[in-house]
Amino acid sequence: MADKVDFSLLEAMLARPFLKAFRIDLMFAVCVPSSCTAQDVKTHLNVALNSINATAIVSDSSCSSSVPVPLDVKEWIVIFLIALIVILVILSTVYENSIMGSEKNTLLCAFSLSSNCRHMLSTQTSHVTLDCLNGLRILAMIWVIAGHRITIMLNFPVTRLRSIVEKMDDLAMAPIENTQLAVEIFFLMSGILVTYGFLRYMKKGHKFNLLYFYLYRYCRLTPALAMMVLLYATIAVRFSDGPIWLKFYDFVNSCCYYNWWATLLYINNYYDPYNMCVTQSWYLSSDFQLYLFSPVLLIPLHKRPKLGLTLAAVLVVTTTAGSLWNAFANDLRGGGAFTFDRGFDDILSKDYIVTHWRAYSFIMGMILGYVLFKIKQGELILKMSRAKLWAGWIISTFFILFSIFYITVLEDPEYEPNQILDILYMILHRHMFVLGFSWIILVCTLGHGGWLNQLLSWKFLIPFARLTYGAFLTHVLIQVIENYSQRVPIPLSYLYHWYHVAADFTLSYLASALLYLTVEGPCGNIATWCFEGKKKPKVVPQSHTTELPIFKYTT
């Protein structure tokens, strides 16, 4: 007898708001002449389905045709803008290569392919950099790509839906279900760098300008994000085709049409979170909001360190207690990204993307950033005995592995949910995970990281770390272009998944390089020229990813 399938679980999965572009109805396709409209197809299908008391749901976005649709005005505007950028790159490159000596105008060299490419590929570093963060940034990006790949695969009709349920409690699936932990690494590093860069900046005798602090950050992050919003809202719909491509893209396009401004103002994690333009940008919003808050701790850490550390500790306790209260008040439950029967959507909108409940990792990063700064300055000496090192490695390894793999217990079909245990895990596993990685960063900085520090600090990784921001912006679009252009149901297997993760990583970083050379790098040069008024061409810094002054830090 055939195995039974829990269809209620599958229906709950497909009925989630984040997948509302798709319905739980039976989906099938028919081929008709391109002269037929969506209404024609719906009318004829309803006639055929009338005998079984069923109706067809057909919209314009349900139809795909080989007949090209003429470009509209907004698409022509974006094409003109892209052409203008290409022209600026060509002219700037020619100018830089034709002018000899030191009389080159910095602004005219901003779009130069030569200087931006040299900067992008630079692997220079120094003793003051936090080199291990390069490897951690790439690790977190791979993890994010892997998690988003499986989520997007689940949106597409699969060969055997039951395979989703069968794999939920596999140990091999645990890192994918807990892919949200990768964001904790980004938050942790963001807090470290904002503090480390600020303290180094102030150590050099500079004065702190709050308006400069905020505007420079906004001007460095926003151009690349704005380009992705433009693409999503206009010509990206022409990047692919397939039976369900337009059905998916109609939802994405409408989100960007109505909510583009919330994305560019970095408030989309609070405003209409179920209809975000460039969905992964919720992290940028949360990170930017924490950046706006950071002077509350940065100034005390610089002028009165004891007060700053005490205030940071109070905020750690407060945000943890608040997260626990929020989880109990809203009946949130622990679980992974695919724990559909535990209200994961509520977790997303009421906890996961809400900045004030997610500040723990960032604040812990700020505390660690202060400690690392003191260590680098020689003002703090931490002696680690062999026993302390072994104890630290054992505890941190346990924290990391427990945070990742305990999810298999919650996903066990025989597990009976316990509200207290579920909520404690949901909140505290992120704290344990951050503490585990904080230890790794600390011992690598102290020189006790061994082969792990050598791997994370490998100079070859520096250009990839520099391109991670662009890869974060582009990888989802690359994944949906491939996934939603398919014309047959896909299999769900680990081999299929990781094969596509490798492809996603390669294509995302290639797209990031293109974005960096045409938008991110040039706009960063212009922002530097506007805010710092440099007269000379920009010299390649020693490490764009880990040694930058606070104003130049990018996520």
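These numbers come from a predicted model, not from an experiment. (Residues numbered from 1 in each chain as written. Predicted model: local features only at pLDDT ≥ 70, side-chain atom pairs only at ≥ 80, totals over all residues. Heavy atoms only, no water.)

Peer 1: Which residues make up the pattern of salt bridges, and what are the values?
Peer 2: For the structure on display, the rule yields 10 salt bridges. Note that Arg358 is salt-bridged to Glu184, the shortest N-O span being 1.9 Å. Of this pair, Arg358 sits in the loop between helix H14 (344–352) and helix H15 (359–376) while Glu184 sits in helix H8 (residues 181–203), and the two are 174 residues apart along the sequence. Accessibility classification places Arg358 together with Glu184 in one group, the buried group. One salt bridge in this structure joins Glu379 and Lys203, with 3.4 Å as the shortest N-O distance. Placement of Glu379 in the loop between H15 and helix H16 (386–405) and of Lys203 in helix H8 is noted, with a sequence separation of 176 residues between them. The class of Glu379 is partly exposed, set by a relative accessible area of 42%. Salt bridges sharing common partners tie together Glu184, Asp351, Arg358 and Arg430. (Salt bridge = Lys/Arg side-chain N within 4 Å of Asp/Glu carboxyl O. Helix = DSSP H or I, 4+ residues; strand = E, 2+ residues; numbered from the N terminus. Buried < 20%, exposed > 50% of the residue type's maximum accessible area, 1.4 Å probe, protein only.)

Peer 1: Explain helix H9 (residues 210–233) to me, and be specific about the residues and the numbers.
Peer 2: Taking 1.5 Å of rise per residue, the 24 residues of H9 would be expected to cover 34 Å, and the 33 Å separating its terminal C-alpha atoms lies within 8% of that figure. At Thr222, H9 is bent by approximately 35 degrees, the largest bend along its length, and proline Pro223 sits one to four residues beyond. (Expected span 1.5 Å × (residues − 1). Bend = angle between axes of the 7 residues up to and from the residue.)

Peer 1: Any chance you could break down unusual backbone geometry for me, citing the residues and the numbers?
Peer 2: For Asp272, which is not glycine, the phi dihedral falls at a positive 50 degrees. Within the secondary structure layout, Asp272 lies in the loop between helix H10 (245–264) and helix H11 (282–293). With relative accessibility at 30%, the residue Asp272 sits in the partly exposed group. Located in the positive-phi region is Val278, a residue other than glycine, with phi close to 60 degrees.

Peer 1: I'd like to hear about the state of the cysteines, residue by residue, with values.
Peer 2: On inspection of all chains with the given rule, the structure shows one disulfide. Two residues, Cys256 and Cys277, share a disulfide whose sulfurs are 2.0 Å apart. An S-S torsion of about 85 degrees defines the bridge between Cys256 and Cys277 as right-handed. Of this pair, Cys256 sits in helix H10 while Cys277 sits in the loop between H10 and H11, placing them 21 residues apart in sequence. You can call Cys256 buried: its relative accessible area is 1%. (Disulfide = S-S within 2.5 Å.)

Peer 1: Let's hear about the nonpolar core: which residues, and what values?
Peer 2: Counting residues in hydrophobic clusters, the biggest one holds 121 residues, and the most contacted among them are Leu133, Tyr232 and Ile441. Tallying contributions element by element places H8 first for this core, with 16 residues. For Ile441, the residues in contact, after removing those within four places along its chain, are Cys132, Leu133, Leu136, Leu188, Ile192, Leu368 and Leu372. (Core = buried A, V, L, I, M, F, W, Y, C linked by side-chain atoms within 4.5 Å. Contact = heavy atoms within 4.5 Å.)

Peer 1: Any details on a nonpolar patch on the surface? Residues and values, ideally.
Peer 2: On the surface, Phe80, Leu81, Leu84, Leu88 and Leu230 cluster together into a nonpolar patch covering about 410 Å² of accessible area. With four residues, the top contributor of residues to the nonpolar patch is helix H3 (residues 73–98). Among the structural elements, Leu81 can be located in helix H3. (Patch = residues over 30% accessible without salt bridge, like charges linked within 9 Å, V, L, I, M, F, W, Y side chains within 5 Å. Areas by Shrake-Rupley, 256 points an atom, 1.4 Å probe, with all protein chains shown as cover.)

Peer 1: With reference to specific residues and values, describe the packing of H8 against helix H12 (residues 295–303).
Peer 2: Contact geometry for H8 and H12: axes closest at 10 Å, N-to-C directions at 45 degrees. Overall, the two elements H8 and H12 adopt an arrangement that is oblique. The handedness of the crossing between H8 and H12 comes out as right-handed. The residues of H12 that touch H8, namely those facing Val194, Thr195, Phe198, Leu199 and Met202, are Leu298, Ile299, Leu301 and His302. Residue composition of the contact of H8 with H12, grouped by class: seven nonpolar, two polar and no charged. (Axes fitted to C-alpha atoms, helices over the stretch in contact; angles between N-to-C directions. Parallel < 35°, antiparallel > 145°, perpendicular 65-115°, else oblique. Left-handed = near helix turned anticlockwise from the far one by under 90°. Nonpolar A, V, L, I, M, F, W, Y, C, P; charged D, E, K, R; others polar.)

Peer 1: For the confidence of the model for the protein chain, give the residues involved together with the corresponding values.
Peer 2: For the protein chain, per-residue confidence averages 83 on the pLDDT scale, and 85% of positions sit at 70 or higher. Element-level pLDDT for the protein chain is lowest in helix H1 (residues 7–14), with a mean of 45, against a maximum mean of 96 in H11. The model gives residues 1–24 a pLDDT under 50, and that stretch makes 41 contacts with residues more than four places away or in other chains. Contacts from residues 534–555, a stretch scored under 50 in pLDDT, to residues over four places away or in other chains number 79 contacts. (pLDDT = per-residue confidence, 0-100.)

Peer 1: How would you explain the packing of aromatic side chains if you had to name every residue and give the values?
Peer 2: With the rule as written, the count across this model stands at 32 aromatic pairs. When the centroid spacing of 5.0 Å and the interplanar angle of 85 degrees are considered together, the rings of Tyr257 and Tyr258 count as edge-to-face. Taken individually, Tyr257 and Tyr258 each receive the classification exposed, so the pair is uniform in this respect. Arranged with centres 6.3 Å apart and planes meeting at 80 degrees, the rings of Phe402 and Tyr425 form a pair that is edge-to-face. Note that Phe402 is positioned in helix H16 and Tyr425 in helix H18 (residues 419–446), a separation of 23 residues in sequence. Each residue in the set Phe186, Phe187, Trp282, Tyr283, Tyr352 and Phe472 is aromatic and connected to the rest through ring pairs, giving one cluster. Sitting over the face of the ring of Tyr291, Arg217 holds its NZ or CZ atom 4.5 Å from the ring centroid. (Phe/Tyr/Trp six-rings, centres within 6.5 Å; stacked < 30°, edge-to-face > 60°. Lys NZ or Arg CZ within 6 Å of the ring centre and 35° of its normal.)

Peer 1: So, the side chain of Thr408: which residues are in play, and what are the values?
Peer 2: Following the sequence through the fold, Thr408 ends up in helix H17 (residues 407–411). Among the polar contacts listed, one links the side chain of Thr408 to the backbone oxygen of Phe405, at a separation of 2.8 Å. (Polar contact = N/O pair within 3.5 Å; in protein donor to acceptor, adjacent residues only side chain to side chain.)

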